[in-house]
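Read off the chains here:
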Amino acid sequence: MMRFKDKIIVLTGAASGIGRATAKMFAEEGAFQVISDIDEQNLEETYNLLGEAKNKTITMKVDVRDPLQIKEMINITFEHYERIDVLVANAGVVRVGPVDEFPDEDYELLIDVNLKGTYYTCKYAIPYFKKQNFGTIITLASVAAHIGQINHANYCSTKAGILGFTKALALDLAPFNVRVNSVSPGATDTPMLQSDVTKQAKDRSVDYELVKKEFEEEGVLGRWATPEEIAAGILFLASEDASYMTGADLRLDGGWTAR
Ligand SMILES: NC(=O)c1ccc[n+]([C@@H]2O[C@H](COP(=O)([O-])OP(=O)(O)OC[C@H]3O[C@@H](n4cnc5c(N)ncnc54)[C@H](O)[C@@H]3O)[C@@H](O)[C@H]2O)c1
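Residues numbered from 1 in each chain as written. Predicted model: local features only at pLDDT ≥ 70, side-chain atom pairs only at ≥ 80, totals over all residues. Heavy atoms only, no water.

Novice: Which residues make up the site of the ligand, and what values go with them?
Specialist: By nearness alone, 30 residues border the ligand, and Ser16, Ile18, Asp37, Tyr155 and Thr190 come closest of all. Between Ile38 and the ligand, the recorded distance is 3.4 Å, taken from a backbone N or O atom to a nitrogen atom. Separating an oxygen atom of the ligand from a side-chain N or O atom of Tyr155 is a distance of 2.7 Å. About the coverage of the ligand: the protein hides 92% of its 830 Å² of free accessible area. Secondary-structure elements contributing two or more residues to the shell around the ligand are helix 1 (17–28), helix 5 (153–173) and helix 6 (191–204). Looking at which element gives the most residues to the shell around the ligand, the answer is helix 6, with three residues. The class makeup of the residues in the shell around the ligand is 16 nonpolar, nine polar and five charged. (Near = heavy atom within 4 Å. Polar contact = N/O pair within 3.5 Å; in protein donor to acceptor, adjacent residues only side chain to side chain. Areas by Shrake-Rupley, 256 points an atom, 1.4 Å probe, with all protein chains shown as cover. Helix = DSSP H or I, 4+ residues; strand = E, 2+ residues; numbered from the N terminus. Nonpolar A, V, L, I, M, F, W, Y, C, P; charged D, E, K, R; others polar.)

Structural data, given as structure tokens:
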């Protein structure tokens, strides 16, 4: 499929996991991309995985906690390509622990990256979207936006916030022909989930494999998603196949929330 031939994509958090898989899939479908991450080294690794699409790709070191860096990423995209077809606000972090023992720095990090990072990523692109009168935005929520998870209260609150933000923004941008949707992955095999499982195993003094199995059994499919399975959902929302979808959330959770 070449659904994104010569489309212009802006993607944050592209150095790892779901972001990396998304960059690879957009590249395979013919897109031009501006891919960014705070982690320059792993972003370079993503870039090197893009094969021939490397010459259609710009990499930028962007910390989504810094509005100025985001603004620059969006402005450079416009100067270069004169439009944005798809914006994917994917950068995110997880921190887990009981609320009463949660380090305040970790709480601030969750808010700054997951919520404010998504807000600023959209904020600076919206004037361009309004002007061009087309485009689509995809945000990253989570299964944790729909259900509670033990020791995840603060992470859950950021992801539930993304759901509300996405629905409301869809209303604001509908008159400008811009669709806004979120994806809610379940347990997805990325460095984020692996670090979450490692921490839980350590805190509970149990084996990594035991915690992994618990996560696998949350979804009725009994396994973790691959990053590519989530990226496929992101590309679907970004494509014309989803032309009647806005303000929606695509749950890719292996049946976790169906129980
Ligand atoms: N893995 C899962 O099970 C899962 C489940 C639900 C939702 N999600 C969401 O999917 C998204 C991608 O997660 P992933 O699993 O691929 O995680 P990951 O840790 O593999 O990748 C996240 C990327 O975001 C980048 N990032 C972190 N802080 C940043 C910052 N301040 N500025 C710019 N980039 C920054 C990281 O460097 C990393 O490359 C996140 O929003 C996450 O919350 C993941």
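From this point, things continue past the structure.
Novice: So what's going on with the pattern of salt bridges? Which residues, and what values?
Specialist: With the rule as written, the count across this model stands at 14 salt bridges. Across the salt bridge formed by Arg3 and Glu29, the nearest N and O atoms sit 3.0 Å from each other. Placement of the pair is Arg3 in the segment before strand 1 (8–11) and Glu29 in the loop between helix 1 and strand 2 (32–37), with a sequence separation of 26 residues. Arg95 is paired through a salt bridge with Asp106; the nearest N and O atoms lie 3.8 Å apart. With Arg95 in the loop between strand 4 (86–89) and helix 4 (104–132) and Asp106 in helix 4, this residue pair connects regions lying 11 residues apart in the sequence. For Arg95, a relative accessible area of 32% gives the class partly exposed. (Salt bridge = Lys/Arg side-chain N within 4 Å of Asp/Glu carboxyl O. Buried < 20%, exposed > 50% of the residue type's maximum accessible area, 1.4 Å probe, protein only.)

Novice: A description of helix 5 should follow, citing residues and the corresponding values.
Specialist: For helix 5, spanning 21 residues, the distance from its first C-alpha to its last is 30 Å, which sits close to the expected 30 Å at 1.5 Å a residue. Within the sequence span of helix 5, burial applies to Asn154, Tyr155, Cys156, Thr158, Lys159, Ile162, Leu163, Thr166, Leu169, Ala170 and Leu173. As for helix 5, its buried residues are in contact with helix 4, strand 5 (135–140), strand 6 (178–185), helix 6 and strand 7 (249–252). (Expected span 1.5 Å × (residues − 1). Contact = heavy atoms within 4.5 Å.)

Novice: So what's going on with the nonpolar core? Residues and values would help.
Specialist: The nonpolar side chains of a soluble globular protein tend to be buried, and buried together. One finds Ile70, Met73, Ile74 and Ile137 to be the most contacted residues of the largest nonpolar core, which totals 38 residues. For this core, the secondary-structure elements that each account for two or more residues are strand 1, strand 3 (57–61), helix 3 (67–81), helix 4, helix 5 and strand 6. Here this core gets 10 residues from one element, more than from any other, and that element is helix 4. Those residues within four positions of Ile70 in sequence are excluded, and the remaining contacts are Val62, Val64, Gly117, Tyr120, Thr121 and Tyr124. Counting residues in hydrophobic clusters, the runner-up holds 30 residues, among them Leu11, Ala15, Ala21 and Ala23. (Core = buried A, V, L, I, M, F, W, Y, C linked by side-chain atoms within 4.5 Å.)

Novice: Provide a residue-level description of the sheet that holds strand 1, including the pertinent values.
Specialist: Spatial ordering of the open sheet is given by 3-2-1-4-5-6-7, a layout of seven strands whose pairing is parallel. Pairing within the sheet leaves two strands with one partner each, and these edge strands are strand 3 and strand 7. Each strand axis lies, on average, 15 degrees off the axis of its neighbour in the sheet, ignoring direction. Of the strand pairs in this sheet, strand 5 and strand 6 are connected by six bridges, and their pairing is parallel. Along strand 6, the bridge assignment pairs Thr139 with Ser182. (Pairing = 2+ DSSP bridges. Axes fitted to C-alpha atoms, helices over the stretch in contact; angles between N-to-C directions.)

Novice: Pulling in residues and values, what's your account of the packing of helix 3 against helix 4?
Specialist: Remark: helix 3 packs on helix 4, axes separated minimally by 9 Å, with the N-to-C direction vectors making an angle of 30 degrees. Our classification of the angle between helix 3 and helix 4 gives roughly parallel. Of the two elements, helix 3 crosses helix 4, and the hand of that crossing is right-handed. Mapping the contact onto sequence places Pro67, Ile70, Lys71, Ile74, Asn75 and Phe78 in helix 3 and Gly117, Tyr120, Thr121, Tyr124, Ala125, Tyr128 and Gln132 in helix 4. Considered class by class, the residues forming the contact of helix 3 with helix 4 number eight nonpolar, four polar and one charged. (Parallel < 35°, antiparallel > 145°, perpendicular 65-115°, else oblique. Left-handed = near helix turned anticlockwise from the far one by under 90°.)

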